[in-house]
Amino acid sequence: MITAVLILALVQNPSTVTPAEQKAGWRLLFDGKTLAGWRGVGYDTVPSAHWVVVDGAIKKIASGNVPRVADGRPLVGGDLMTVDSFADFELSFEWKVTEGANSGVKYNVSEAMSIAQGGAGTQGGPTHSALGFEYQVLDDDRHEDGKLPTHRSAALYDLIAPSARPRPVGQWNTSRIVFRGNHGEHWLNGQKVVAFDLGTARMDSLLAASKYKTIPGFGEKRRGHIVLQDHGDEVYFRSIKVRPL
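Residues numbered from 1 in each chain as written. Predicted model: local features only at pLDDT ≥ 70, side-chain atom pairs only at ≥ 80, totals over all residues. Heavy atoms only, no water.

Asker: Which residues make up the pattern of salt bridges, and what values do they have?
Answerer: Taken as a whole, this structure holds 15 salt bridges when the rule is applied. Salt-bridge contacts for Arg27 lead to Asp84; the nearest nitrogen and oxygen are separated by 2.9 Å. One end of the pair, Arg27, is in strand S1 (residues 27-28); the other, Asp84, is in strand S5 (residues 80-86), and 57 residues separate them in sequence. Residue class for Asp84 comes out partly exposed when judged on its relative accessible area of 37%. The shortest N-O distance in the salt bridge between Arg73 and Asp71 comes to 2.7 Å. Looking at Arg73, the relative accessible area reads 36%, which means it is partly exposed. Asp71 sits in the exposed class, given a relative accessible area of 51%. (Salt bridge = Lys/Arg side-chain N within 4 Å of Asp/Glu carboxyl O. Helix = DSSP H or I, 4+ residues; strand = E, 2+ residues; numbered from the N terminus. Buried < 20%, exposed > 50% of the residue type's maximum accessible area, 1.4 Å probe, protein only.)

Rendered as structure tokens:
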């Protein structure tokens, strides 16, 4: 039974693992207070001009609002990556977007592949874009990507369209990613909206028609990192937890 004390604690800090969740193997990836356990892709530290903790959530500061260097360019940003890597896992998280915002949660990410595919950077260093399967996070109604079914919220980005829509902009959504063996699932607010299996004719066909078709090994299963995408827009993440499968 959930007590009043526990309910109050969850309201004050949603980044909490209950005793039952602990017994089931869940652990926090974000403690609700700091960015311990995270770093920038290709870096040892967090791009702190772009990623901060606000009211128990990880906030991506819109790139137009970050501090500037002497010549007026914004300080270097980039995707935010877990220090740890994962093979078979279930990930649970909450997210919300601002108007017109675009982001995502990536997994099966190879840091080496991401850096190799990246170009030369500016603003004091390269900004590496993580390469991995992406759970899309988007304002479906106002962002241009919302016109494409495979680019909408909860999609397996550029591969499989979701079967449901998120809550309105400004409201929190609850999401899950299940990745075990060659099988993957995306869940949105309690509903399974995407399912796929690596190595099948269907998945090979989808990969061949996607933006990833020229990246060797992209669709292979690996032990990879989990990443919050810096797409330049203001978005929020909280209650990020994972358990091995």
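Asker: Help me get a handle on the nonpolar core, residues and values and all.
Answerer: Ile58, Leu91, Phe237 and Ile240 are the most contacted members of the largest nonpolar core, which has 46 residues in total. Tallying contributions element by element places strand S6 (residues 89-97) first for this core, with five residues. Core analysis: the second largest hydrophobic core is formed by five residues, Val41, Met81, Val109 and Ala130 among them. (Core = buried A, V, L, I, M, F, W, Y, C linked by side-chain atoms within 4.5 Å.)

Asker: Can you lay out the side chain of Ser92 for me, pointing to particular residues and giving the numbers?
Answerer: Residue position: Ser92 is located in strand S6. Judged by relative accessible area, which is 14%, Ser92 ranks as buried. Aside from chain neighbours lying at most four places away, what touches Ser92 is Trp26, Ser175, Arg176, Ser239, Ile240 and Lys241. (Contact = heavy atoms within 4.5 Å.)

Asker: Requested: an account of the packing of aromatic side chains, with residues and values cited.
Answerer: In this structure the tally under the stated criterion is eleven aromatic pairs. When the ring of Phe89 is compared with that of Tyr107, the centres are 6.2 Å apart and the planes differ by 80 degrees; the resulting orientation is edge-to-face. Pair noted here: Phe89 is in strand S6 and Tyr107 is in strand S7 (residues 102-109), with a separation of 18 residues, a long-range link. You can call Tyr107 buried: its relative accessible area is 0%. Arranged with centres 4.0 Å apart and planes meeting at 5 degrees, the rings of Tyr212 and Phe218 form a pair that is stacked. Note on Phe218: relative accessible area 2%, which makes it buried. An aromatic cluster is defined as three or more aromatic residues linked by ring pairs; in this entry it consists of Phe86, Phe89, Tyr107, Phe133, Phe179, Phe196, Tyr212 and Phe218. Positioned over the ring face of Phe179 is Lys221, at 4.3 Å from the centre of the ring. (Phe/Tyr/Trp six-rings, centres within 6.5 Å; stacked < 30°, edge-to-face > 60°. Lys NZ or Arg CZ within 6 Å of the ring centre and 35° of its normal.)

Asker: I'd like a description of the side chain of Ser153, backed by residues and values.
Answerer: One can find Ser153 in the loop between strand S8 (133-138) and strand S9 (173-180). Judged by its relative accessible area of 0%, Ser153 falls in the buried class. Every residue in contact with Ser153, bar those within four places of it in the chain, is listed here: Trp95, Gln136, Val137, Leu138, Asp140, Pro162, Ala164 and Pro166.

Asker: Could you give an account of the confidence of the model for the protein, with specific residues and numbers?
Answerer: Chain-level pLDDT for the protein is 92 on average; 91% of the residues reach the 70-or-more range. Contacts of residues 5-10 to residues separated by more than four positions or lying in other chains number three contacts, the stretch itself having pLDDT below 50. (pLDDT = per-residue confidence, 0-100.)

Asker: Give me unusual backbone geometry: which residues, what numbers.
Answerer: Positive phi, close to 60 degrees, is recorded for Asn108, a residue that is not glycine. Inspection of the secondary structure assignment puts Asn108 in strand S7. Even without glycine at this site, Asn189 takes up a positive phi of about 50 degrees. Positionally, Asn189 belongs in the loop between strand S10 (183-188) and strand S11 (191-197).

Asker: Give me the layout of surface pockets: which residues, what numbers.
Answerer: Put simply, the largest pocket is a space of about 220 Å³. If you go around the largest pocket, you meet 15 residues; those closest to its centre are Lys106, Glu134, Tyr157, Lys211 and Gln229. Counting only elements with at least two residues in the lining of the largest pocket, the list comes to S7 and S8. The class makeup of the residues in the lining of the largest pocket is five nonpolar, six polar and four charged. (1 Å grid on protein atoms, 1.4 Å probe; cavity = no way out; pocket = protein on both sides within 12 Å on 5 of 7 lines; lining within 4 Å. Points joined across faces, edges and corners; volume = space filled by probe spheres on them. Nonpolar A, V, L, I, M, F, W, Y, C, P; charged D, E, K, R; others polar.)

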